[in-house]
Structure formats: C-alpha cells, structure tokens
Amino acid sequence: MIKSLVLPCKALKFPLEKFEGHKQLRCKGPKMELTLTQPDDWHLHLRDGDLLEAVVSHSASHFGRAIVMPNLKPPVTTTAAAVAYRESILKVLPVNSNFTPLMTLYLTDKTSPEEIKRARRSEVVFAVKLYPAGATTNSQDGVTDLFGKCLPVLEEMAEQNMPLLVHGEVTDTNVDIFDREKVFIETILKPLVQRLPQLKVVMEHITTMDAVRFVESCKEGSVAATVTPQHLLLNRNSLFQGGLQPHNYCLPVLKREIHRDAIVAAVTSGSKRFFLGTDSAPHERRRKECPCGCAGIYNAPVALSLYAKVFEDAGALDKLEAFTSFNGPDFYGLPRNTPKIKMTRTPWKVPESFSFSFGDIIPMFAGETLEWQPSFM
C-alpha cells in the first residue's frame, strides 16, 4: 500500500514502480524525497505595513504565485488601489524572489461594471472577492444585496472572464454559525450559478460536505473550490480541547469530523475541481489572545508540510502535485509553473512563534513536529 511510504525506503514492501507517481519519488538513504512543480497559493492574506513585511517571505519561499485577498483597511476596491498594493508587496519581497502576487478587487454594493473592465485591462487584477457584509475580518464594507445591487457587475465579470471568489457564508444572526455555509449555498450560490452559468466561481476555503457536493454537481471548469490545511486536518473539537484555543479560530469556523472527512476524500480523489488555498491569515498574538480575538490561522510556514501529510495519510501522494500545482492555474487559465520544489520526509519542529518589532505571530501547529519539509531544487 502507498501508506508503506512512511517507512524508510529500504523497508518498502512493494516495488516503487507500483506507485502511480513513482517518477516523482526517489530514495536517498533512509529518507524519501518527492519532487513537485512549484505550487501556487490561490487564497492568501498578506496584510499591509509592518505585518506584510514580516510575513511575505514565508509565502514567497514556497509558492510561485498567490491570489492576494483585498480585505485591508481601507479595502482594495479599485484597480488603482490593487496596482498600488501590488507595488507595496513587490517592494518587500526577499532579494531574488520570483514570487508573483495576483491581485483581487473587493466587491461592494457600489462596484461598477466599468471598474471590472479596468481591472481586466490592467493585467494585474485576476479576480473579484465577494465578502458578505460582516462575514469575516474587515468585511464590513462587503455586499449587502448581491442580486439587487451587484448583478450588472457580475454580468460584466462573466463577459470579461473574471472569476468571482466567494466567502460562502450568510451573515444572518438567526442562522447557526455551523450552518452558514450550507445556507449560503442554498440561498445565494445555487441561484447565482443558475442565473449566470457562464460566470466562473471559486468557493473559497470550503468547510462542509455540502460544499463538496455542490462543487461536484457543477460543470467542471466553471465552479471550483480552494481548501485550507486547517479544514483538512482540524475539526471543531480543536477549538476547545485543553481549553479555548484562539489560534485554531478561523472563519469559516471549523466543522464536525464528518465534514472534514468529506473534504479530505474530495481533495485526495484527484478531482480537478479542488486546489490549494491556504487562507493564511496572520494576526499579532495579542489580537488573537484577547476577549474578542480575531479570526484567522497563520499557516504559510507549514502549509506544504501539512498538505503532504494529508495526502500521505490518505495514500494519495501521487495526487498531491495536481492539487498543489496544476488544478489552480488550469482553472484560472494561467500557465503552470516550471520551477520544481523538493519535499523531503524528514522531521522538523515548527517554531513556537515568530517574533517581530510589533509583537509575535503564532503559526499553525506551533511547537509540533512535522514530517515533510519543502525546499527549492
């Protein structure tokens, strides 16, 4: 079985050629190495100012490109603002970095079709992000009535082949927080896809079996989903075990184990509808460990290691590269990366924190030992 790959290579109990992706694997003494086309991150929060400068290297060291979320203060609502934000990212990249930020616009009730045309002409903006007003961090300026106020913009997006990236939760306080994704699919997303079938939609950071079923029910190439490490590895118990765990708090919130199982099965099946999107969302420690803590998990330093764990545990390492490196650019109509990275199965310990002049950032799985470590070839 593929799970035997967790053993030292000399102890493998089957010919390596029986592993579908064996050409990507090689043994080096007791270690196993996996070669991947350099991945991209199709959902990333880089923030701005000192926080941007602090965290950008963690993403740039692993990923070739990233779809950068626009929920700053103030939000990135215009093409001009997106161009300026892109320049600020490029200025703080590590020396000799080839990392490319792919910018997005923040959809509001006042966004115009003309802005979508400008965004497409810019060759800098690659998508538009829908935040239902009040759904998550800095979403207070988001959409209040998608069909009543944004339909002309959505129609122009379909005309311009500009994807809509969706934070898929309703914000009605009468809806249980664990049901908000399911209700959003039924009341917003299904009607949207039926009304504008030509509009490309990415359901971001899916968390439920309902989202899996919806994405799988849609036409391939029209609707897809990003999946985070946290929603593949954690369930809602992780918020409360050993006391309240603020560094496991994100939105959409973690769900029950049956939902996590469904997402793992979908992602490791080899389906082209799902691709990597970390939703890495840094906050300074004091903003997480406080009476009204911020939502967001900082996983950029560990994401590739965690995705490899998920696929290894599922016996699907041969399908990891498509999820990390192929499905995303194929959906966006962009070329696949050509550089390679190496994943080596060698234990390493995640730092307890990353310290900066403004404070500390706590990474996902802080202080724990992971089995896979990425590096450039």
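Keep in mind it's a predicted model, so treat the numbers as computed, not measured.

Draft legend 1. A look at the overall build of the chain. A tally of regular secondary structure across the chain gives 12 helices and 14 strands. Once the C-alpha set of the chain is aligned to its principal axes, its extents read approximately 65 × 45 × 45 Å. Each of the 377 residues in the chain was classed as buried or not, and the buried ones make up 58%. Taking the 44 positively charged and 42 negatively charged side chains of the chain as two groups, their mean positions are separated by 4 Å.

Draft legend 2. Structural detail: the sheet that holds strand S10 (residues 274–276). In space, the eight strands of this open sheet follow the order S3-S4-S5-S6-S7-S8-S9-S10, with parallel pairing throughout. Each edge of the open sheet is held by one strand with a lone partner, namely strand S3 (41–44) and S10. The sheet shows a mean angle of 30° between the axes of neighbouring strands, direction not considered. Bridge count for strand S6 (residues 125–130) against strand S7 (residues 164–166) is three bridges, and the pairing is parallel. If you follow Leu130 over to S7, its bridge partner there is Val166. Contacts from helix H12 (residues 320–332) reach S3, strand S4 (65–68), S6, S7, strand S8 (201–203), strand S9 (223–227) and S10, with the element oriented near 115° to S10.

Draft legend 3. Summary view of the environment of Ala133. Position of Ala133 relative to the elements: it lies in the loop between S6 and helix H4 (146–149). Separated by 34 residues in the primary sequence, Ala133 and His167 have C-alpha atoms spaced 10 Å apart. Apart from the residues within four sequence positions on either side, Ala133 is in contact with Ser139, Gln140, Gly142, Val143, Thr144 and Thr171.

Draft legend 4. Molecular detail of the side chain of His58. Structurally, His58 can be placed in helix H1 (residues 49–60). What makes His58 buried here is its relative accessible area of 17%. Apart from the residues within four sequence positions on either side, His58 is in contact with Tyr298, Ala300, Pro301 and Phe354.

Draft legend 5. Summary view of the UniProt feature "domain: Amidohydrolase-related" (unreviewed entry) in the chain. According to UniProt, the positions carrying the feature "domain: Amidohydrolase-related" (unreviewed entry) are residues 41–338. Helix and strand shares over residues 41–338 are 40% and 12% respectively, and the end C-alpha atoms of the span are 15 Å apart.

Draft legend 6. How the structure looks around the pattern of salt bridges. For the coordinates displayed, the defined rule picks out 15 salt bridges. Close ionic contact of Arg260 with Asp261 constitutes a salt bridge, the shortest N to O distance being 3.4 Å. For Asp261, a relative accessible area of 40% gives the class partly exposed. Two residues, Arg285 and Glu289, come together in a salt bridge whose shortest N-O distance is 3.0 Å. On the basis of relative accessibility, which here comes to 33%, the residue Arg285 falls in the partly exposed class. Judged by its relative accessible area of 41%, Glu289 falls in the partly exposed class. Put simply, Glu257, Arg260 and Asp261 are held in one network by salt bridges that share partners.

Draft legend 7. Up close: helix H3 (residues 113–122). Residues of H3 that are buried include every one of Glu115, Ile116 and Ala119, and no others. Mapping the buried residues of H3 onto a view down its axis gives an arc of 100°, with all of them on the same face. Within two residues after H3, Glu123 carries a phi angle of roughly 60°, on the positive side.

Draft legend 8. Examining the side chain of Lys255 more closely. By secondary structure assignment, the location of Lys255 is in the loop between helix H8 (229–233) and helix H9 (257–267). Within the local environment of Lys255, its side chain forms a polar contact with the side chain of Thr207, the two groups lying 2.9 Å apart. Aside from chain neighbours lying at most four places away, what touches Lys255 is Ile177, Phe178, Thr207, Thr208, Asn235 and Arg236.

Cut-offs used in this document
- Residues numbered from 1 in each chain as written.
- Predicted model: local features only at pLDDT ≥ 70, side-chain atom pairs only at ≥ 80, totals over all residues.
- Heavy atoms only, no water.
- Helix = DSSP H or I, 4+ residues; strand = E, 2+ residues; numbered from the N terminus.
- Buried < 20%, exposed > 50% of the residue type's maximum accessible area, 1.4 Å probe, protein only.
- Lys, Arg positive; Asp, Glu negative; His and termini not counted.
- Charge placed at Lys NZ, Arg CZ, Asp CG, Glu CD.
- Pairing = 2+ DSSP bridges.
- Axes fitted to C-alpha atoms, helices over the stretch in contact; angles between N-to-C directions.
- Contact = heavy atoms within 4.5 Å.
- UniProt positions renumbered as here; feature names shortened; annotations may be inferred.
- Salt bridge = Lys/Arg side-chain N within 4 Å of Asp/Glu carboxyl O.
- Arc of directions from axis to C-beta.
- Polar contact = N/O pair within 3.5 Å; in protein donor to acceptor, adjacent residues only side chain to side chain.

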